[in-house]
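Residue-level structural notes
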Amino acid sequence: MTEKKTQEPLIYTTQDTLGNKTGSWRYMRPVFETKAAPCAAICPAGNPIVSFITFAKEGDFDSALRMIKQENPLPSVCGRVCPHPCTSACNRYTYDGSVAINEIERFCGDFAEQAGPEIPERAGATGKKIAVVGAGPAGLSCAYQAALMGHEVTILEASNRAGGLLTQAIPAYRLPAGVVRRDLCFIDILNIILLTGKTITASDIEKMAADYDAVAVACGAHKSYRLGIEGEELAGVVPGLEFLRKMSGRAAPAPGAKTVVIGGGNTAMDAARAALRLGAEVTVLYRRTRAEMPAFPGEILEAEEEGIEFRFLSAPVKIETSGKTKKVICREMELGSDDDSGRPRPVPVEGSEFELDADTVITAIGETVALDAPFFSPNENRRQISNAWGRTTNDRIFICGDAGPNDRTVAHAVGSGKRAAIAIDAQLSGKDFEAVKQRITLGGGAVSAAIYRSGAEAPAKVVAPQAVNFAYFMRTARLEAATTAPDERIKGFGEIGATAAEDAVRAEAARCFTCGVCTECGNCFMFCPDMSIITEPRNGVPATDTDYCKGCGICARECPRGIIEMEEENK
Amino acid sequence: MNVTVEQEFVCRGHVACPGCGAVLAMRYVLDVLGKKTIVVLPACCWSVINNRYPTAAVKVPLFHTAFETAACVATGVRAALDMKGDNDTHVLAWAGDGGTFDIGLQALSGAAERNDDIIYVCYDNEAYMNTGIQRSSSTPFGAWTTTTPAKTFKTKQKKNIMDIMAAHRIPYAATATIAYPEDLMNKVRYAAGIRGTRFLHIFCPCPTGWKTAPDITVELSRNAVRARAFPLYEVFDGTRYRLTHEPAQEDRMPIAEYIKPQRRFAHLTEAEIQVMQDHADEEWGRLMKVTETWPAG
Ligand SMILES: Cc1cc2nc3c(=O)[nH]c(=O)nc-3n(C[C@H](O)[C@H](O)[C@H](O)COP(=O)(O)OP(=O)(O)OC[C@H]3O[C@@H](n4cnc5c(N)ncnc54)[C@H](O)[C@@H]3O)c2cc1C
Ligand SMILES: Cc1ncc(C[n+]2csc(CCOP(=O)(O)OP(=O)(O)O)c2C)c(N)n1
Ligand code: SF4
Ligand code: SF4
Ligand SMILES: [Mg+2]
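Residues numbered from 1 in each chain as written. Chains lettered and ligands numbered in written order. Predicted model: local features only at pLDDT ≥ 70, side-chain atom pairs only at ≥ 80, totals over all residues. Heavy atoms only, no water.

When helices and strands are tallied, chain A shows 24 helices and 20 strands. In terms of overall dimensions, chain A has C-alpha extents of about 125 × 55 × 50 Å along its principal axes. Per-residue burial for chain A yields a buried fraction of 54% across its 571 residues. By sequence separation, contacts in chain A at least 24 residues apart represent 73% of the contacts at least 6 residues apart. Separation between the mean location of the 63 positive side-chain charges and that of the 74 negative ones in chain A comes to 1 Å. (Helix = DSSP H or I, 4+ residues; strand = E, 2+ residues; numbered from the N terminus. Buried < 20%, exposed > 50% of the residue type's maximum accessible area, 1.4 Å probe, protein only. Contact = heavy atoms within 4.5 Å. Lys, Arg positive; Asp, Glu negative; His and termini not counted. Charge placed at Lys NZ, Arg CZ, Asp CG, Glu CD.)

Shown next as structure tokens:
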């Protein structure tokens, strides 16, 4: 071995610049935070939209379905009939069309045929007993969540089956019975006791409050408003809900050749479209204009396409018999100043009477809650009850769905049932209700049962479109839902349209920006001129090296999905 | 993002202004070239960014040299390495627009004419920033600088350095910018794989000199491409052209929108902005014509 001679180095090496803590230059600081996507914050059922779409994107529909079922037992139903406010809130909306969230949800729901129901695991038994009155979507959702929390649940239902308006009112051309059945499989799986043929009164409820640890009232709004005009009691004049209920019970009423439907809501639309399918010639009478109709826009459009005639600005005055048939005496209206509901008040036009011949008249001007109980007066404490997640003046009685002060859609019913279950559980386990509410509400909107169960914290902020960096998303065509031609669909009660194909659903899911949830895209890391991004996620998001970050804000700008925000540095 | 920086050759604690685009350019280029690289650095912002001796932010050997000498010093370093039998270390001349378009042009032209085996990067922040924002021949028409104040803003168009380099028929010349790291790194990778004089013109927005918020550096870089103020393309052997990124129809933006957040252009009238627009359209049209007439294989 030869000995190495120590040599003078040719170059003196320098030190690095780590001693230079450039973080002290900073007056703005990037804050990384998981946020709620606007779609998820607005979903009345509280669907975990970003997480199920992320799985759908990868083609992992089992997991996608499992995510949904944490929050909503009825994805096949909601994917079909929900008016999808999520899509209007979608950050992609003004860019190149919202993500067709409902179509993806529908596919995931139907995927239960292959994956199985994917019901989450039930918590250990708590020994608490909960009664639910009414097996509509609200009662079912409440029962579902309460059962998952380990409570023993009994549902008491007046009719002979579960489903509420899903099976009693929404016609098969929009919601086939098999679809509802698929979503309702959880009743057996979670050992929920369903007692049918039990009509419960207000005093029964108060008695039950003594026998059960809590009672959730979810009896819907089934009392049809009366027109209050002469001739309303004549044979052949039927309330819309009754008409639809009979039809769904397979004792289809035969509407006369000429049917007049009075009203402009969903009940009016479905009654009209069902009567049309049963062979009637249908005219809808509505006292305001198309713009004020409370029915879902899609339903109105489909009714028009199917050839239903609309007489706007027309109201009935009287119904008379005329030989074997009837006559509806009507009056034209004009729009006056706004009423309490914020819609213009229809005002009769003098001397504008006209007549319509009718064999059947279907009245569908709205439904109200049949229940009249001391613990709940539907008009007085509406807002309080809604803010209190269904808690009433009786601390063992809760109310949800259409029976309570909630918007009347299936998704709202599911969401309010979930809130009631959580309010019940929080009460039974002695949790601070206000703290729970705060913790599990996403961006002030939707509520997550999964977050309630896990003890985590729901994201408080919602990603606004201005926080999205659209440069990172190519414009792509939106999935167009399949439909059936009007002349084809009016031939019967077969379902309109179809669930999208898997490829199309995956492609649509890939359009999702994943707003508010870090996908580890690496933009912040890549574009930081100070190499100050710590990419190892902590709580699901990266962080900054505050020793060197100069607070330039490039990371916040270049984050595609609104996770980073600049805040003023504490002095 | 389809690419990442695997190895950091720029150290935190460097003293670039917050939001400096030139740092990102160095970071991406060195990641591709790797540790067997010697940087030759004339006077420019980067000689400050690197921090004072005995510290250095760049973690490969770096040679500070005079303002006008980037290319010839790089040639000399190359010759020394070759004499040592080391022909796989990259020699990277890294100069600003002033050091390239103006004072260093003759040295660069000499090296290019000899086809010396160096990679020359001009990081272009469109003025002499280091000395306090003086006009260079790369400063665009209309811009305010301290030597072209708003009242007598610069009335000459930006010099087309790519045409000059193409005229030398060097094996490779390309434009790149920091908002498109994948494109940038691909170009560096290609350059690293061949021999001879390779020239990269890297557009680097400068918040301080452009009077812009530091957070929009990358956005400005992207918008320059979208507005066709800075097209991304490459030229092989000085004769064959290829566009590497064409902004989608919906992503195109007028020059007016690109310059809007840059307060160095705040004084311009609509008519003056139109002059900029016409110039950009004309240059783009010419580029389209050459890419069609002499496409790269
Ligand atoms: C015709 C029609 C079409 C609609 N279309 C849509 C749509 O497309 N999309 C949408 O989102 N929403 C739609 N809705 C609204 C939606 O169906 C309701 O908001 C939702 O069903 C409310 O759920 P719920 O559980 O509160 O009540 P319900 O669904 O009404 O269920 C209440 C249940 O309680 C039972 N019950 C009632 N009284 C008692 C009692 N005293 N004792 C025991 N049980 C009792 C009832 O039999 C019923 O099963 C529609 C409504 C109607 C009427
Ligand atoms: C011969 C000579 N003239 C002038 C200077 C002063 N000087 C140093 S850097 C510089 C401007 C550099 O501008 P540019 O090359 O565009 O680089 P930037 O600072 O903008 O990054 C000037 C004028 C010098 N160092 N040497
Ligand atoms: S892009 Fe995705 S996450 Fe964002 S709002 Fe739309 S559906 Fe929701
Ligand atoms: S990009 Fe880097 S330096 Fe700029 S704010 Fe973000 S972490 Fe700080
Ligand atoms: Mg410069």
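Don't stop here, the text continues.
Residue and element names in this part refer to chain A. The residue Glu 367 is located in strand 16 (residues 367-368) in this model. Considering only alpha carbons, one finds Glu 367 and Gly 265, 102 residues apart in sequence, at a separation of 10 Å. Apart from the residues lying within four places of it in its own chain, the contact partners of Glu 367 are Ala 221, Lys 223, Ser 224, Tyr 225, Leu 241, Thr 267 and Arg 408. Engagement of the side chain of Glu 367 in a polar contact is seen with the side chain of Thr 267, the distance being 3.0 Å. (Polar contact = N/O pair within 3.5 Å; in protein donor to acceptor, adjacent residues only side chain to side chain.)

Taken together, Pro30(A), Cys528(A), Pro529(A), Asp530(A), Ile533(A), Thr544(A), Cys549(A), Lys550(A), Gly551(A), Cys552(A), Gly553(A) and Cys555(A) form the complete shell of residues around ligand 4. Its residues placed into classes, the shell around ligand 4 shows 7 nonpolar, 3 polar and 2 charged. (Near = heavy atom within 4 Å. Nonpolar A, V, L, I, M, F, W, Y, C, P; charged D, E, K, R; others polar.)

This part covers the site of ligand 1. All names here are of chain A. Surveying the vicinity of ligand 1 reveals 36 residues, the closest of which are Glu 157, Arg 174, His 222, Asp 402 and Val 410. Contact distances for ligand 1 include 3.1 Å between a nitrogen atom and a backbone N or O atom of Ala 158. Val 410 places a polar main-chain atom, nitrogen or oxygen, 2.8 Å from an oxygen atom of ligand 1. For ligand 1, the accessible surface in isolation is 990 Å², of which the surrounding protein chains cover 94%. Every element with two or more residues in the shell around ligand 1 is listed here: helix 9 (137-148), helix 10 (165-168), helix 14 (240-248), helix 15 (266-277) and helix 18 (410-428). The element contributing the most residues to the shell around ligand 1 is helix 15, with 3 residues. Across the shell around ligand 1, the residue classes break down as 19 nonpolar, 11 polar and 6 charged. Each of two domains, domain 3 (129-222 + 369-430) and domain 4 (225-365), supplies a minimum of three residues to the shell around ligand 1. (Areas by Shrake-Rupley, 256 points an atom, 1.4 Å probe, with all protein chains shown as cover. Domains from an automatic or database assignment.)

Taken residue by residue, the interface counts 41 residues in chain B and 31 residues in chain A. With both sides pooled, the region where chain B packs onto chain A buries about 3,100 Å², and carbon together with sulfur makes up 58% of that total. Looking at the side of chain B facing chain A, the largest losses of area belong to Met1(B), Arg12(B) and Asp215(B), adding up to 23% of the total buried there. In this structure, the connection of chain B to chain A is made through 6 salt bridges. Residues Glu250(B) and Arg475(A) are paired through a salt bridge, measuring 3.8 Å at the closest nitrogen-oxygen approach. The tally of links from chain B across to chain A stands at 19 residue pairs in polar contact (both at pLDDT 80 or more). Going through the elements one at a time, helix 1 (21-33), helix 7 (181-192) and helix 9 (217-226) of chain B are the ones with two or more residues in the side of chain B that touches chain A. Tallying contributions element by element places helix 9 of chain B first for the side of chain B that touches chain A, with 5 residues. Counted by class, the side of chain B that touches chain A contains 24 nonpolar, 8 polar and 9 charged residues. (Buried area = accessible area lost by both parts, 1.4 Å probe. Salt bridge = Lys/Arg side-chain N within 4 Å of Asp/Glu carboxyl O.)

Take the side chain of Thr177(B) next. Residue and element names in this part refer to chain B. Relative to the assigned elements, Thr 177 resides in strand 5 (residues 172-177). On the basis of relative accessibility, which here comes to 0%, the residue Thr 177 falls in the buried class. If near-sequence neighbours (up to four positions away) are discounted, Thr 177 is found in contact with Leu 184, Ile 202, Phe 203, Ser 221, Val 225, Phe 230 and Leu 232.

Time to look at the confidence of the model for chain B. The predicted model of chain B averages 97 in pLDDT, with 100% of residues at 70 or higher. Quick note on the complex model: pTM equals 0.93, ipTM equals 0.97. (pLDDT = per-residue confidence, 0-100.)

This part takes up the sheet that holds strand 5 (residues 214-217) of chain A. All names here are of chain A. Taken in spatial order, the 5 strands of this open sheet run 4-3-2-5-17, and their pairing is parallel. Two strands lie at the open edges of the sheet, namely strand 4 (193-195) and strand 17 (397-399), each paired on one side alone. Geometrically, the sheet is characterised by an average inter-axis angle of 20 degrees between neighbouring strands, direction not taken into account. Lying over the sheet, helix 9 contacts strand 2 (129-133), strand 3 (152-156) and strand 5, oriented at roughly 165 degrees with respect to strand 3. Lying on the sheet, helix 13 (residues 202-211) is in contact with strand 2, strand 3, strand 5 and strand 17; it crosses strand 5 at an angle near 150 degrees. (Pairing = 2+ DSSP bridges. Axes fitted to C-alpha atoms, helices over the stretch in contact; angles between N-to-C directions.)

Residue and element names in this part refer to chain B. Around the magnesium ion (ligand 5), the protein contributes the donor atoms Asp 97 (OD), Asn 125 (OD1) and Ala 127 (O), which lie 2.0 to 2.1 Å from the metal centre. Under the relative-accessibility criterion, Asn 125 is labelled buried at 7%. According to the relative accessible area criterion, Ala 127 is buried, its value standing at 3%. (Donors = N, O, S within 2.8 Å, 3.2 Å for Na, K, Ca; no water.)

Tallying each qualifying case throughout the model produces 21 aromatic pairs over all chains. An angle of 50 degrees between the planes, with centres 5.4 Å apart, marks the rings of Tyr172(B) and Phe236(B) as tilted. Placement of the pair is Tyr172(B) in strand 5 and Phe236(B) in strand 7 (residues 232-236), with a sequence separation of 64 residues. The exposure class of Phe236(B) is buried, given its relative accessible area of 8%. Here the aromatic residues Tyr95(A), Phe470(A), Phe473(A) and Phe513(A) are joined through ring pairs into a cluster of three or more. A cation over a ring is seen here: Arg277(A) above Tyr173(A), with NZ or CZ 3.8 Å from the ring centre. (Phe/Tyr/Trp six-rings, centres within 6.5 Å; stacked < 30°, edge-to-face > 60°. Lys NZ or Arg CZ within 6 Å of the ring centre and 35° of its normal.)

All names here are of chain B. Here 8 strands make up an open sheet; going across it, the order is 2-1-3-4-6-5-7-8 and the pairing mixed. The open sheet has two edge strands with one neighbour each: strand 2 (62-64) and strand 8 (240-245). Put simply, the sheet's adjacent strands are angled 20 degrees from each other on average, direction ignored. In this structure, strand 5 lies alongside strand 7, joined through 3 bridges in antiparallel fashion. Its bridge partner being in strand 7, Tyr 172 is matched across the sheet by Phe 236. Relative to the sheet, helix 3 (residues 70-83) contacts strand 1 (37-41), strand 2, strand 3 (90-96) and strand 4 (119-124), its axis offset from that of strand 3 by approximately 170 degrees.

The next subject is the pattern of salt bridges. All names here are of chain A. Overall, the coordinates contain 58 salt bridges over all chains when judged by the stated rule. In this structure, Arg 277 and Glu 306 form a salt bridge, with 2.9 Å as the shortest nitrogen-oxygen distance. With a gap of 29 residues between them, Arg 277 in helix 15 and Glu 306 in the loop between helix 16 (297-305) and strand 10 (309-311) connect regions that are remote in the sequence. Here Arg 489 ties to Glu 306 by a salt bridge, and the two come within 2.8 Å at their closest N and O atoms. Of the two residues, Arg 489 is situated in helix 21 (residues 486-489) and Glu 306 in the loop between helix 16 and strand 10; the sequence distance between them amounts to 183 residues. Assessed through its relative accessible area of 4%, Arg 489 is described here as buried. Assessed through its relative accessible area of 5%, Glu 306 is described here as buried. Through salt bridges with shared partners, a single network forms among Arg 174, Asp 270, Arg 273, Arg 277, Glu 299, Glu 302, Glu 305, Glu 306 and Arg 489.

Another point: the packing of helix 3 of chain B against helix 5 (residues 105-113) of chain B. Residues and elements named next belong to chain B. Following both chains from N to C, one finds helix 3 and helix 5 inclined at 40 degrees, their axes separated by 6 Å at the closest point. Relative to helix 5, the element helix 3 lies oblique. Counted together, Ala 71, Cys 72 and Thr 75 of helix 3 and Ala 107, Leu 108 and Ala 111 of helix 5 form the full contact between these two elements. Of the residues contributing to the contact of helix 3 with helix 5, the split by class is 5 nonpolar, 1 polar and no charged. (Parallel < 35°, antiparallel > 145°, perpendicular 65-115°, else oblique.)

Of all the residues in helix 19 (residues 433-440) of chain A, the buried ones are Phe433(A), Val436(A), Lys437(A), Arg439(A) and Ile440(A). What you see down the axis of helix 19 of chain A is that its buried residues fit within an arc of 165 degrees, all on one side. (Arc of directions from axis to C-beta.)

On to helix 9 of chain A. All names here are of chain A. The terminal C-alpha atoms of helix 9, which comprises 12 residues, lie 16 Å apart, in line with the 16 Å expected from a rise of 1.5 Å per residue. In terms of burial, helix 9 is a largely internal element, 12 of the 12 residues being buried. Two residues or fewer past helix 9, Gly 150 is found with a positive phi of approximately 95 degrees. (Expected span 1.5 Å × (residues − 1).)

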